[in-house]
Amino acid sequence: MTAKKQTLLDEEAIRRTLTRISHEMMEKNKGMDDCILLGIRTRGYPLAEQLAANIKRIEGVALPVGSIDITLYRDDLEQKQSDPKIHDLELPTSLEGKKVILVDDVLYTGRTVRAAMDALMDKGRPNQIQLAVLVDRGHRELPIRPDYVGKNVPTSRSELIRVHLSQTDDIDKVSIVQNN
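Here we summarise the structure given alongside this text. (Residues numbered from 1 in each chain as written. Predicted model: local features only at pLDDT ≥ 70, side-chain atom pairs only at ≥ 80, totals over all residues. Heavy atoms only, no water.)

Focus on the sheet that holds strand β7 (residues 159-164)
- Taking strand neighbours across the sheet as the criterion, the three strands line up as β1-β8-β7 in an open arrangement whose pairing is antiparallel. Bordering the open sheet on either side are β1 (4-9) and β7, each of which pairs with just one other strand. Direction aside, neighbouring strands of the sheet carry axes that sit 25° apart on average.
- Where β7 lies against strand β8 (residues 173-178), six bridges are found, and the strand directions are antiparallel. By the bridge assignment for β8, H164 is matched with K173.
- Sheet strands touched by helix α1 (residues 11-28): β1 and β8. Its angle to β1, the strand with the most contacts, is close to 40°. (Pairing = 2+ DSSP bridges. Helix = DSSP H or I, 4+ residues; strand = E, 2+ residues; numbered from the N terminus. Axes fitted to C-alpha atoms, helices over the stretch in contact; angles between N-to-C directions. Contact = heavy atoms within 4.5 Å.)

Here it is, written out as structure tokens:
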């Protein structure tokens, strides 16, 4: 059987959503002093870069942007792959005394975010950790709630959210796929 696919966000909708999230971040933090954006690999990093570009355009503030690889912190590492590819944590500055905003494409069970926080805490002690996600699809298994949400999409467990970004996939689009 074929999978049914529906577009949730196109390129323009993603741009508008990230602009809104950027404004929400600036408002919540009363500016962006002492903030760092860390994108969770793979698609969280280009989203973090876009948020930083928006904030620079709007506020004139250049935020440090880095990436975080959660591979070694996953609780299902043995089930996922036998020889995982590991990327270093790319921190643009020290975490001490900073507000770290983790950025990811899709929030589902919360396990990826928990792993990211574990990896982050191994590298320092920020004053605060916030979470920004492009899509929150529900089905949380851990008590994790995002501070910034692009789009809430109630899903069934048989559905998948596919995020495609031009930096990684040559197109900007978010789709929901129903596997039959």
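Read on for the rest.
Some details on the sheet that holds strand β5 (residues 128-136)
- Overall, parallel pairing links the five strands, which are arranged β3-β2-β4-β5-β6 in an open sheet. A strand with exactly one partner marks an edge of an open sheet, and here the two such strands are β3 (65-68) and β6 (148-152). With strand direction ignored, the average angle separating the axes of adjacent strands in the sheet is 25°.
- Inspection of the sheet shows strand β2 (residues 35-40) paired to strand β4 (residues 99-107) by five bridges, in the parallel sense. Considered in β4, the bridge of I36 is made with V100.
- Strands β2, β3, β4 and β5 of the sheet are contacted by helix α2 (residues 44-59), whose axis makes an angle of about 150° with β2.
- Contacts from helix α4 (residues 111-121) reach β2, β3, β4 and β5 within the one sheet, and its direction differs from that of β4 by about 150°.

A closer look at the pattern of salt bridges
- In this structure the tally under the stated criterion is nine salt bridges.
- In this structure, E12 engages R15 in a salt bridge whose closest nitrogen and oxygen atoms are separated by 2.2 Å. A residue pair is termed a helical-turn pair when its members lie 3 or 4 positions apart in one helix, as E12 and R15 do in helix α1 at three residues.
- With a shortest N-O distance of 2.8 Å, R43 and D169 are connected by a salt bridge. Remark: D169 occurs in helix α5 (residues 166-169) and R43 occurs in the loop between β2 and α2; sequence separation between them is 126 residues.
- A relative accessible area of 24% places R43 in the partly exposed class. (Salt bridge = Lys/Arg side-chain N within 4 Å of Asp/Glu carboxyl O. Buried < 20%, exposed > 50% of the residue type's maximum accessible area, 1.4 Å probe, protein only.)

Description of the packing of aromatic side chains
- Per the stated rule, a full pass over the model turns up zero aromatic pairs.
- Positioned above the aromatic ring of Y148 is the side chain of K28, whose terminal nitrogen or guanidinium carbon lies 5.7 Å from the ring centre.
- Over the ring of Y108 we find R137; its NZ or CZ atom is 3.9 Å from the centre of that ring. (Phe/Tyr/Trp six-rings, centres within 6.5 Å; stacked < 30°, edge-to-face > 60°. Lys NZ or Arg CZ within 6 Å of the ring centre and 35° of its normal.)

Quick word on unusual backbone geometry
- In this model, R41 is joined to T42 through a cis peptide bond whose omega is 15°.
- You can see T42 is positioned in the loop between β2 and α2.
- Of note, D34 is a non-glycine position whose phi angle comes to about 60°, a positive value.
- Its place among the elements puts D34 in the loop between α1 and β2.
- Of note in the backbone geometry, D170 takes a positive phi value of approximately 70° without being a glycine.
- If you trace the backbone, D170 turns up in the loop between α5 and β8.
- We classify D170 as exposed; its relative accessible area is 73%.

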